[in-house]
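A closer look at the structure
The primary structure of each chain is shown beneath.
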Amino acid sequence: MRAFDGQFSDNKPIRRNTDEKRRLLAELEQTLKDMKPHASPSLRESIKARIIELRADVAAATAPRR
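Now for a quick tour of the structure. (Residues numbered from 1 in each chain as written. Predicted model: local features only at pLDDT ≥ 70, side-chain atom pairs only at ≥ 80, totals over all residues. Heavy atoms only, no water.)

This part covers the overall build of the chain. What the chain contains, in helices and strands, is 2 helices and 0 strands. In the chain, which comprises 66 residues, the share counted as buried stands at 17%. Of all intrachain contacts in the chain linking residues separated by at least 6 positions in sequence, the fraction that spans at least 24 positions is 42%. Working note: accessible area of the chain is about 6,000 Å², and carbon and sulfur atoms make up 53% of it. (Helix = DSSP H or I, 4+ residues; strand = E, 2+ residues; numbered from the N terminus. Buried < 20%, exposed > 50% of the residue type's maximum accessible area, 1.4 Å probe, protein only. Contact = heavy atoms within 4.5 Å. Areas by Shrake-Rupley, 256 points an atom, 1.4 Å probe, with all protein chains shown as cover.)

Right, here's the structure in full:
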């Protein structure tokens, strides 16, 4: 089957607004905090990298524009 335009399988990034990014950031931080000590280090690092990326996006969106 072929995908139609706008379908999620278009291999395009999902666009999120600032509120959605803040919500996702809070969820990821909670997930990282609640992880068990035996969770894989690569999973921890990938979540930390995503948190850093989202923090930068939110900071850039809330920065005053000139």
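Alright, that's what it looks like, and here's the rest.
This part is about helix α2 (residues 41-62). For α2, which comprises 22 residues, the first-to-last C-alpha distance of 32 Å matches the rise-based estimate of 32 Å (1.5 Å per residue) to within 8%. Along α2, the positions that sit buried rather than exposed are Arg44, Ile47, Ile51, Leu54 and Val58. Relative to the axis of α2, the buried residues are bounded by an arc of 95° and lie together on one face. Away from the buried face of α2 by more than 90 degrees, exposed residues Pro41, Ser42 and Ile52 are located. Those residues of α2 that are buried lie in contact with α1 (18-34). (Expected span 1.5 Å × (residues − 1). Arc of directions from axis to C-beta.)

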